[in-house]
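Coordinate analysis (summary)
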Amino acid sequence: MGANPRSGKKGISLPAGLAAGIAAAFAVTLAGAAIVAWLIDGERISEEVMGYGALAVLLLSAGTGAWIASALVGHQRLLVCALTGIAYFLILLSMTALFFGGQYQGVWVTALVVLAGCLGVSLVGLKGAGGPKHRRRHITSR
């Protein structure tokens, strides 16, 4: 007798999916930070808007990383998205300790934005296949 599969989808292992999601999140983070810096340098946006740009980059990065990880793993969407967000946030904290001497500012806001990005991705697929299925009845004339 064969074992029943966990789900209809087959994907890569959980650690490999998390690593790919975190790598994608950091690639989006670096690209987004470069775009925000280019916009500030070209004086298209002012320096006061930099905080909003950072929040948008964090939201997009966390969402992209969670989406890629959950798509690659293929099952346990909420768990994969949550673990990706937690790992991304912990790496952001460790980078703050390494590069900025441990001057933590706005940690709770960052945590909420990363949580919102990951939960947004995890909630997208919860509805299912759609609404009720309608059948057309063929009416035959007598």
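Higher on the page you've got the structure.
Basis of the calculations
- Residues numbered from 1 in each chain as written.
- Predicted model: local features only at pLDDT ≥ 70, side-chain atom pairs only at ≥ 80, totals over all residues.
- Heavy atoms only, no water.
- Patch = residues over 30% accessible without salt bridge, like charges linked within 9 Å, V, L, I, M, F, W, Y side chains within 5 Å.
- Areas by Shrake-Rupley, 256 points an atom, 1.4 Å probe, with all protein chains shown as cover.
- Salt bridge = Lys/Arg side-chain N within 4 Å of Asp/Glu carboxyl O.
- Helix = DSSP H or I, 4+ residues; strand = E, 2+ residues; numbered from the N terminus.
- Buried < 20%, exposed > 50% of the residue type's maximum accessible area, 1.4 Å probe, protein only.
- Core = buried A, V, L, I, M, F, W, Y, C linked by side-chain atoms within 4.5 Å.
- Contact = heavy atoms within 4.5 Å.
- Expected span 1.5 Å × (residues − 1).
- 1 Å grid on protein atoms, 1.4 Å probe; cavity = no way out; pocket = protein on both sides within 12 Å on 5 of 7 lines; lining within 4 Å.
- Points joined across faces, edges and corners; volume = space filled by probe spheres on them.
- Nonpolar A, V, L, I, M, F, W, Y, C, P; charged D, E, K, R; others polar.

Regarding a nonpolar patch on the surface
A cluster of nonpolar residues, L78, L112, L115, L119 and L123, forms a patch on the protein surface that exposes about 490 Å² of accessible area. Ranked by residue count, the leading element in the nonpolar patch is helix α4 (residues 107-124), at 4 residues. One can find L119 in helix α4. Accessibility expressed as a relative area gives 36% for L119, which makes it partly exposed.

Some points on the nonpolar core
Core analysis: the biggest nonpolar cluster contains 14 residues, and Y88, L92 and V114 have the highest contact counts within it. The residues contacting V114, other than those within four sequence positions of it, are A62, G85, Y88, F89 and L92.

Quick look at the environment of Q76
Looking at where Q76 falls in the secondary structure, it is placed in the loop between α2 (50-73) and α3 (77-99). Spatially, the C-alpha atoms of Q76 and S122 are 9.6 Å apart, while their sequence positions differ by 46 residues.

Topic: α4
Given 3.6 residues per helical turn, the α-helix brings residues three or four places apart onto the same face. Between its first and last C-alpha, α4 extends 26 Å over 18 residues, near the 26 Å set by a 1.5 Å rise per residue. In the core, the buried residues of α4 are packed alongside α2 and α3.

Quick notes on the layout of surface pockets
Of the voids in this model, the largest pocket is the one considered here, and its volume is about 1,000 Å³. Around the largest pocket, the lining comprises 29 residues; the ones closest to its centre are A54, L58, T96, F100 and T110. Sorting the residues of the lining of the largest pocket by element identifies α1 (14-41), α2, α3 and α4 as the ones contributing at least two each. Among the elements that line the lining of the largest pocket, the one with the most residues is α1, at 8 residues. Residue classes in the lining of the largest pocket are distributed as 20 nonpolar, 9 polar and no charged.

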